[in-house]
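# Analysis of the macromolecular model
Now for the letters of each chain:
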Amino acid sequence: MVYQLIHGKTPAEEAAYLSDHLIEVDGDFNKVIIAHLTPDGGKSISNNKFTAGRALSPDYIPTQVKRQSRLDYPLADYMSAPKKAAYVSPAFKALVEQFEPGVHQFFEMSVVWRKKDVGTGFYFVVANRIDALDHAACVPPIGPNDRVFMPTYGPDDKRVFNMSQIGGAHIWSEKREIGLFISDAFRDAIFEKGLTGVKESVRYNETA
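Reference entry: report on the structure contained in this document. (Residues numbered from 1 in each chain as written. Predicted model: local features only at pLDDT ≥ 70, side-chain atom pairs only at ≥ 80, totals over all residues. Heavy atoms only, no water.)

When helix α4 (residues 184–192) is considered as a whole, its buried residues turn out to be F186, R187, A189 and I190. Viewed along the axis of α4, the buried residues span an arc of 160°, placing them on a single side of the element. The elements touched by buried residues of α4 are β1 (2–4), α2 (90–99), β11 (171–174), β12 (180–183) and β13 (198–199). Positive phi shows up at G194, right after α4, with a value of about 70°. (Buried < 20%, exposed > 50% of the residue type's maximum accessible area, 1.4 Å probe, protein only. Helix = DSSP H or I, 4+ residues; strand = E, 2+ residues; numbered from the N terminus. Arc of directions from axis to C-beta. Contact = heavy atoms within 4.5 Å.)

Set out below in structure tokens:
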């Protein structure tokens with residue numbers, strides 16, 4: 001079973017409608033690049049966003065971020081970050097490493113509030129890119145020369161994943177579709193552990 005990994009509200013946003021985000025203190029995300037931009041026939045891979053499933057070069061990655069909102073509420077375990085990546089907590093990192101050790105990238109950063117150190121977070125980059133959509137079963141189907149799934153945005157559109165193509169993957173960037181996707185086991189673990197900042201997703205259709 002497949003779900004999408006989507007940013008949800010933080011505890012501060014849920015409880016008090018407070019804007020809650022982190023801003024880099026050092027480094028420069030505009031200078032950070034994907035280590036390998038080689039095309040593979042799927043969706044575009046560019047340095048404008050880091051959701052293509054490719055690892056980053058570590059140069060210019062910030063080492064410190066600043067929290068903008070008050071400390072009344074804990075940071076979410078999964079938060080929006082520059083270039084469409086995510087800031088995650090040690091607990092979220094531990095869960096990812098439990099399911100897929102050594103696959104993805106985590107860049108450690110100290111979190112400060114008014115110059116006070118309030119913890120540690122990680123800039124999380126999904127570094128797994130697979131072609132998991134069932135080309136023939138999708139509606140409309142994915143043609144042999146199609147780089148991406150091209151929906152009609154009508155009621156008949158259907159994204160169908162092939163479980164054998166997914167194999168043992170639990171977190172990945174879909175080669176022919178926008179977004180990050182996760183297995184049911186990883187999705188269930190997120191909510192069972194009470195990790196915050198992840199929005200519930202629809203369950204996608206699948207074939208064997």
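Right, let's get into the sheet that holds strand β8 (residues 116–125). With mixed pairing, the six strands of this open sheet are ordered in space as β3-β4-β7-β8-β6-β5. Each edge of the open sheet carries a strand with a single partner, namely β3 (22–24) and β5 (78–80). Looking at each pair of strands side by side, their axes are set apart by 40° on average, direction ignored. Where strand β4 (residues 64–67) meets strand β7 (residues 105–113), three bridges bridge the pair, whose relative direction is parallel. For V65, the partnering residue across the bridge sits in β7 and is V111. The strands touched by α2 are β5, β6 (86–88), β7 and β8; relative to β8, the strand with the most contacts, the crossing angle is about 30°. (Pairing = 2+ DSSP bridges. Axes fitted to C-alpha atoms, helices over the stretch in contact; angles between N-to-C directions.)

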